[in-house]
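# Structure assessment
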Amino acid sequence: MGDIRQSLLPRDVLSAAKELLYHLDIYICNLVQSGRQPPQVDSKTQELVEEFILHTPKDRNTPARRMSALQELQLLEIMCSCFQEQSRDAVRQLMFSALFSLQGNQADESRMSLLGKLVSMAIAVGRVPILECAATWLQVLVDDYCSMVPGSGPTLQNIHNASPRFCCQFITAVTTLYDLATEELTPPLELLQMIVSWIQEDPGLVLINFLNTALSGNQPISSLDVTPLGGLMRWCVKASLIYSRDKKKGLTNGSNECEPEVGPLFSALHLSVLQVLMLLPNILNEKGLFGRLALLQVESLAALTSDLSRLLDQADKHTHTSSTDSSGLCELALDRLAQALQVAMANGALLCSREDLRAICSRLPHNNLLQLVLSGPVLYYNNIHTPPLAFSPHAAHSPIATHPPHAPHPPLAPSHPQYPAQPFLTGMQFPFRPSH
């Protein structure tokens, strides 16, 4: 491709970049079709990319070509279309590598700047091929780092000591992405082990972003929760059923007979989540937020109980293990849900009446511990009349003098026929009162 440089020089910056992308696509297609292994872009092509797309001058005496903001936006759009229209993944991956693989020279700064803008646009407009190429690029980068830097494993493991806020936001994003809805959305074992070790070592890590976030009444609701508590709670409750289901599929396919048991990991994670919830009263009181700010949203809880109901139904219909094993997994999931609900409500993380809680959990099968929680005492908050802040999904209302009467709940869909409905025993006592 070195002979096209003279034809690119007279063009304006945007036209030259567009023309080079066109020729680069043809060049890489021919390279892949040639069957040469491994296919590799030559140095002259890399120089053209740096000169006409990254705008790094070929020699020091040549002034750098500059794009306007509008031209840069147009270039990003052209690149998005180029990757979208190329149907062969091998060509896309090699082209992405030619554009953004680090070369250890002065063009790398421009390379990273353009990559960040391109990925941001791809996220905004849903350009999946670019996101997949970026994921592969990042994986290669991490693999290269791990293979070239001695002792890099402990470095990654201990990154929470270097930047707790990064790790907290990382956990929030991971638990939002890996929601256990499918086998593909189940967190990899190594990722799970790393997150559990972080939280076990420092449970307060989960609250770092909340402690450093300025809350205001006009702040928009974030796409991510202010803490990863909701996502971690979802992991702990659904884990026993999800991993049991996936393990059966793996055994059927003969693929994961030797995989380690994840049960102890989720048991440790569940304990850590409960410990974090018990830290909240002092923190919320210091901020004047106890009874005003719900870190666990009722809507998320309703979605969790709906998912759990579906999983319990599937476990009952499709289980190939003994009834005792299946029943034990179901009870474990319900016990963890009950424990998390009680501790969250008692410590101000979940602002929900028992009546609403019973409606949310009505489709779940009977569980002794869950019944105790649903029948428990009413919880009062000192600031119950104070309008909720921005992180609550409910709009702020003016303070009111008395509680309005509750509107009747709409009738719920029928519960699972194979499970007894979760009844509310009106005459049931709640004798448990912790003495310390």
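It should be emphasised that the depicted structure is a prediction, and the values quoted were computed from it without experimental measurement.

## Focus: the overall build of the chain
Of regular secondary structure, the chain possesses 18 helices and 0 strands. Here the chain holds 436 residues, and 42% of them are scored as buried. Sequence separation of 24 or more characterises 76% of the internal contacts of the chain that already satisfy a separation of 6 or more. Roughly 23,500 Å² of accessible area belongs to the chain as shown, and the carbon and sulfur atoms make up 57% of that amount.

## Things to note about the confidence of the model for the chain
Across the chain, pLDDT averages 79, with 75% of residues at or above 70. Confidence drops under pLDDT 50 across residues 383-403; counting only partners more than four residues distant or on other chains, this segment forms 39 contacts.

## Focus on unusual backbone geometry
Residue H55 is not a glycine yet carries a positive backbone phi of 60 degrees. With respect to the helices, strands and loops of the structure, H55 is situated in the loop between α3 (43-52) and α4 (69-85). Even without glycine at this site, L180 takes up a positive phi of about 65 degrees.

## Quick look at the nonpolar core
Counting residues in hydrophobic clusters, the biggest one holds 72 residues, and the most contacted among them are L229, W235, L277 and L341. If one sorts the elements of this core by residue count, helix α14 (residues 263-286) sits on top with 11 residues. If sequence neighbours within four positions are ignored, L277 has contacts with L229, L296, A340, V343, A344, N347 and A349. In this structure, L75, C80, M121 and A134 belong to the second largest nonpolar core, which totals 44 residues.

## Concerning the side chain of S375
Mapped onto the elements, S375 comes out in the segment after α18 (368-374). Engagement of the side chain of S375 in a polar contact is seen with the side chain of Q371, the distance being 2.6 Å.

## What about the packing of aromatic side chains?
Each aromatic ring pair is summarised here by two numbers: the centre-to-centre distance and the angle between the ring planes. Using the criterion set out here, one finds 5 aromatic pairs in the structure. On the basis of an interplanar angle of 55 degrees and a centroid distance of 4.8 Å, the ring pair of F96 and F100 is categorised as tilted. Linking F96 with F100, this pair stays in helix α5 (residues 89-100), spanning 4 residues, or about one helical turn. Assigned by exposure class, F96 and F100 land together as buried. Members of the aromatic cluster, each reached through a chain of ring pairs, are F83, F96 and F100. Lying over the aromatic face of F210, K287 brings its terminal NZ or CZ to 5.5 Å of the ring centre.

## Examining the pattern of salt bridges
Pairing is possible between side chains of opposite charge, provided their charged atoms come close. Counted under the stated rule, the structure contains 7 salt bridges. With a closest N to O distance of 2.9 Å, E51 and R5 form a salt bridge. Separated by 46 residues along the polypeptide, E51 in helix α3 and R5 in helix α1 (residues 5-8) bring together distant segments of the chain. On the accessibility criterion, E51 (9% relative accessible area) is buried. Members of the salt-bridge network, linked through shared partners, are E50, D108 and R111.

## Remarks on the environment of S353
As for its placement among the helices and strands, S353 is situated in the loop between α16 (323-346) and α17 (354-360). Only 3.1 Å separates the side chain of S353 from the backbone nitrogen of D356, close enough to count as a polar contact.

## Considerations on helix α10 (residues 164-177)
Taking 1.5 Å per residue, 14 residues should reach 20 Å; α10 reaches 20 Å between its end C-alpha atoms and fits that length. Along α10, the residues classified as buried are C167, C168, I171, T172, V174 and T175. In an axial view of α10, the angular spread of the buried residues amounts to 170 degrees, which keeps them on one side of the axis.

## Re a nonpolar patch on the surface
A contiguous nonpolar surface patch, about 320 Å² in accessible area, is contributed by L102, M112, L138 and L141. Note on placement: L141 falls in helix α7 (residues 128-148). When its relative accessible area of 34% is taken as the criterion, L141 is described as partly exposed.

## Comments concerning the packing of helix α2 (residues 13-33) against α3
Contact pair α2 / α3: the axes reach a minimum separation of 10 Å and the direction vectors enclose 155 degrees. One element, α2, and the other, α3, form an angle in the roughly antiparallel class. In this structure, α2 meets α3 at a crossing whose hand is left-handed. Contact residues: V13, A16, A17, L20, L24 and Y27 in α2; T45, L48, V49 and F52 in α3. Of the residues that constitute the contact of α2 with α3, the class distribution is 9 nonpolar, 1 polar and no charged.

The rules behind these values
- Residues numbered from 1 in each chain as written.
- Predicted model: local features only at pLDDT ≥ 70, side-chain atom pairs only at ≥ 80, totals over all residues.
- Heavy atoms only, no water.
- Helix = DSSP H or I, 4+ residues; strand = E, 2+ residues; numbered from the N terminus.
- Buried < 20%, exposed > 50% of the residue type's maximum accessible area, 1.4 Å probe, protein only.
- Contact = heavy atoms within 4.5 Å.
- Areas by Shrake-Rupley, 256 points an atom, 1.4 Å probe, with all protein chains shown as cover.
- pLDDT = per-residue confidence, 0-100.
- Core = buried A, V, L, I, M, F, W, Y, C linked by side-chain atoms within 4.5 Å.
- Polar contact = N/O pair within 3.5 Å; in protein donor to acceptor, adjacent residues only side chain to side chain.
- Phe/Tyr/Trp six-rings, centres within 6.5 Å; stacked < 30°, edge-to-face > 60°.
- Lys NZ or Arg CZ within 6 Å of the ring centre and 35° of its normal.
- Salt bridge = Lys/Arg side-chain N within 4 Å of Asp/Glu carboxyl O.
- Expected span 1.5 Å × (residues − 1).
- Arc of directions from axis to C-beta.
- Patch = residues over 30% accessible without salt bridge, like charges linked within 9 Å, V, L, I, M, F, W, Y side chains within 5 Å.
- Axes fitted to C-alpha atoms, helices over the stretch in contact; angles between N-to-C directions.
- Parallel < 35°, antiparallel > 145°, perpendicular 65-115°, else oblique.
- Left-handed = near helix turned anticlockwise from the far one by under 90°.
- Nonpolar A, V, L, I, M, F, W, Y, C, P; charged D, E, K, R; others polar.

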